[in-house]
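Secondary and tertiary structure notes
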Amino acid sequence: MTRFRYALTAALALACVNFRPLAAQTAQEPDVTASAEAAPPMTKGEQRLAKLLEGRVAGTPVDCIQTARNQRMQTIDGTAYVYGSGKTIYVQRTRNPASINNNDALVMLRYSGTQLCRQEFITTIDRFLGFPTGAVFFEDFIPYTREKAEAAEG
């Protein structure tokens, strides 16, 4: 019985050594709510998109955009597709932006002439090997237009 008491006393002593009062815990540890509110670091794709959008203002989302053979499209891994160049560009984040891969080529099964619209069903194929890799479901296209320079008053 004495061995049991010694073991119990030793276990309680260890528990007391590791125990800190709640006041001591909150005084030394960082505020959990403050760290939860901090924005997560931007991914490389988000940084690249932010650079493309510098000096541009987001407009009202649209269902369809006009397309042309020579219209530029950029794929930003894990982030978005960007259509157009010049004054207005359109950002398409899709339903699952994390699956956007620069190594995939888009194959449009139902292409409506000179427009690309929301809810188009587009398959992706590996650009180099040619095998199917998935599907893309478009959402609204967000137009970003360059801000006009303010006329100098004088």
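Our subject is the structure that appears above.
Bear in mind that the values here come from a model prediction, so they are computed numbers and not experimental data. (Residues numbered from 1 in each chain as written. Predicted model: local features only at pLDDT ≥ 70, side-chain atom pairs only at ≥ 80, totals over all residues. Heavy atoms only, no water.)

**Overview of the state of the cysteines**
Condition: Note on terminology: disulfide denotes any pair of cysteine sulfur atoms within 2.5 Å. In this description a helix means any DSSP run of H or I spanning at least four residues, a strand means any run of E spanning at least two, and both kinds are numbered starting from the N terminus.
Counted under the stated rule, the structure contains one disulfide. Here C64 connects covalently by a disulfide to C117, the sulfurs 2.0 Å from one another. Disulfide C64-C117: torsion about the S-S bond near 110°, hence right-handed. Highlighted residues: C64 in strand β2 (residues 64-66) and C117 in strand β7 (residues 115-117), separated in sequence by 53 residues.

**Let's talk about unusual backbone geometry**
Stated formally: Buried, partly exposed and exposed residues are distinguished by accessible area as a fraction of the type maximum, computed with a 1.4 Å probe on protein chains only: under 20%, between the cut-offs, and over 50%, respectively.
A positive phi angle, close to 65°, is found at T94, a residue other than glycine. Among the secondary structure elements, T94 is positioned in the loop between β5 (88-92) and β6 (104-108). The class for T94 is buried, based on a relative accessible area of 9%.

**Re helix α4 (residues 44-53)**
Stated formally: To obtain the arc, one takes the directions from the helix axis to the C-beta atoms. Contacts are assigned to residue pairs with any non-hydrogen atoms lying within 4.5 Å of each other.
Of all the positions in α4, only G45, L49 and L53 are classed as buried. Seen end-on, α4 carries its buried residues on one side only, within an arc spanning 70°. Within α4, the exposed residues directed more than 90 degrees away from the buried face are K44 and K51. Residues of α4 that are buried in the fold lie against β1 (56-58), β3 (73-76), β4 (80-83), β5 and β10 (142-146). G55 sits one or two residues past α4 and shows a positive phi near 80°.

**Focus: the pattern of salt bridges**
Threshold: The rule for a salt bridge is simple: a side-chain nitrogen of Lys or Arg has to be within 4 Å of a carboxyl oxygen of Asp or Glu.
As enumerated under the stated definition, the model contains four salt bridges in all. A salt bridge links E139 to R95; the nearest nitrogen and oxygen atoms lie 3.0 Å apart. In this pair, E139 sits in the loop between β9 (132-137) and β10 while R95 sits in the loop between β5 and β6, placing the two residues 44 residues apart along the sequence. Judged by relative accessible area, E139 falls into the partly exposed class, the value being 25%. Residue E139 is joined to R118 by a salt bridge in which the shortest nitrogen-to-oxygen separation is 3.3 Å. Highlighted residues: E139 in the loop between β9 and β10 and R118 in the loop between β7 and β8 (121-126), separated in sequence by 21 residues. For R118, a relative accessible area of 29% corresponds to the partly exposed category. The network of salt bridges with common partners includes R95, R118, E139 and D140.

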